[in-house]
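# Results of the structural survey
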Amino acid sequence: MVISKETRGVIIALHKNGLTGKSIAARKIAPQSKIYCIIKNFKERGSIVAKKAPGRPRKTSKHQDRLLKVFQLRDRATSSAELAQEWQQAGVSASARTVRRAVLEQGLDSRRAAKKPLLSRKNIRDRLILCKRYRVDCKVIFSDESPFRLFGTSGKQLVRRRQVERYHQSRLMPTVKHPETIHVWGCFSAKGVGSLTVLPKNTAMNKKWYQNVLREQLLPTVPEQ
């Protein structure tokens, strides 16, 4: 039962006038147990404002929280259940849900990992050497090609639906067996983007097309860039 601030003020005023807790309770303004608590709080703190409850005591210490953070930073892909097992071996009994809350408090959110091409140490070293060699001279042009589907998407599409709406027409992602695809080639340099070439539908970039694009598109673009 929540006692309003005004009622607390009345109880303390009656108490100051010499009434006992039992006498105040006889006026039926609040339960007797609450009245005793309000009077005790006023004697200890000199305030009629209710003392905030401390809540459930924390299950782990700061040292144990830091240890959990070390486990997570050591392997970023470790799941909450696996972290709970490691934590248990260190003497902390906690559920995966408790682990998720503890890790979240330390600023380690669970997010989808970004995808990038796998680079070996040699690839990284060679790219760094190339960048340092041409960082002053801007006469470098980059080119690449990419396929685009004309219908649907090659990735996942998330929808919000109820359990029984799995095959509802508006919740589906339509697919076709052999979607039409176009390949696009483009280039850019420090001065901006260059020419763009769109190959005919369902035509992949092969040796013949690549040589033709370099001859007809890249070479004329170089003097402009």
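Residues numbered from 1 in each chain as written. Predicted model: local features only at pLDDT ≥ 70, side-chain atom pairs only at ≥ 80, totals over all residues. Heavy atoms only, no water.

### A short note on the sheet that holds strand β2 (residues 181-189)
One open sheet accounts for 3 strands, arranged β1-β2-β3; its pairing is antiparallel. Two strands lie at the open edges of the sheet, namely β1 (141-149) and β3 (192-198), each paired on one side alone. Between one strand axis and the next, the sheet turns by 20° as a mean value, whatever way the strands run. Examined bridge by bridge, β1 and β2 share 9 bridges and lie antiparallel to one another. Across the sheet, residue Pro 147 finds its bridge partner in β2, namely His 183. Strands in contact with helix α8 (residues 207-224) are β1, β2 and β3; relative to β3, the strand with the most contacts, it is inclined by about 160°. (Pairing = 2+ DSSP bridges. Helix = DSSP H or I, 4+ residues; strand = E, 2+ residues; numbered from the N terminus. Axes fitted to C-alpha atoms, helices over the stretch in contact; angles between N-to-C directions. Contact = heavy atoms within 4.5 Å.)

### Digging into the domain arrangement of the protein
Domain assignment breaks the protein into domain 1 (5-45), domain 2 (62-106) and domain 3 (137-152 + 176-224). Relative placement of domain 1 and domain 3: their C-alpha centres are 83 Å apart. (Domains from an automatic or database assignment.)

### Quick notes on the pairing of β3
The pairing of β2 with β3 spans 5 bridges and is classified as antiparallel. If you follow Gly 186 over to β3, its bridge partner there is Leu 196.

### A closer look at the packing of helix α4 (residues 62-74) against helix α5 (residues 80-89)
Where α4 contacts α5, the axes come no closer than 10 Å and their chain directions differ by 130°. Classified by the angle between their axes, α4 and α5 sit oblique to one another. The element α4 and its partner α5 pack so that their crossing is right-handed. Across the interface between the two elements, Gln 64, Asp 65, Leu 68, Phe 71, Gln 72 and Arg 74 from α4 touch Leu 83, Glu 86 and Trp 87 from α5. Looking at the contact of α4 with α5, its residues break down into 4 nonpolar, 2 polar and 3 charged. (Parallel < 35°, antiparallel > 145°, perpendicular 65-115°, else oblique. Left-handed = near helix turned anticlockwise from the far one by under 90°. Nonpolar A, V, L, I, M, F, W, Y, C, P; charged D, E, K, R; others polar.)

### Notes on unusual backbone geometry
Although it is not a glycine, Lys 28 sits at a positive phi angle of roughly 60°. Looking at the element boundaries, Lys 28 is found in the loop between α2 (21-25) and α3 (32-45). With relative accessibility at 75%, the residue Lys 28 sits in the exposed group. (Buried < 20%, exposed > 50% of the residue type's maximum accessible area, 1.4 Å probe, protein only.)

### Things to note about α4
With 13 residues, α4 ought to run about 18 Å at 1.5 Å a step, and its terminal C-alpha atoms sit 18 Å apart, in line with that. Regarding α4, the residues found buried are Asp 65, Leu 68, Phe 71 and Gln 72. Looking down the long axis of α4, one finds its buried residues gathered within 115° of arc, a one-sided arrangement. Turned more than 90 degrees from where α4 packs its buried face, Lys 62, His 63, Arg 66 and Arg 74 sit exposed. As for α4, its buried residues are in contact with α5 and α6 (96-105). (Expected span 1.5 Å × (residues − 1). Arc of directions from axis to C-beta.)

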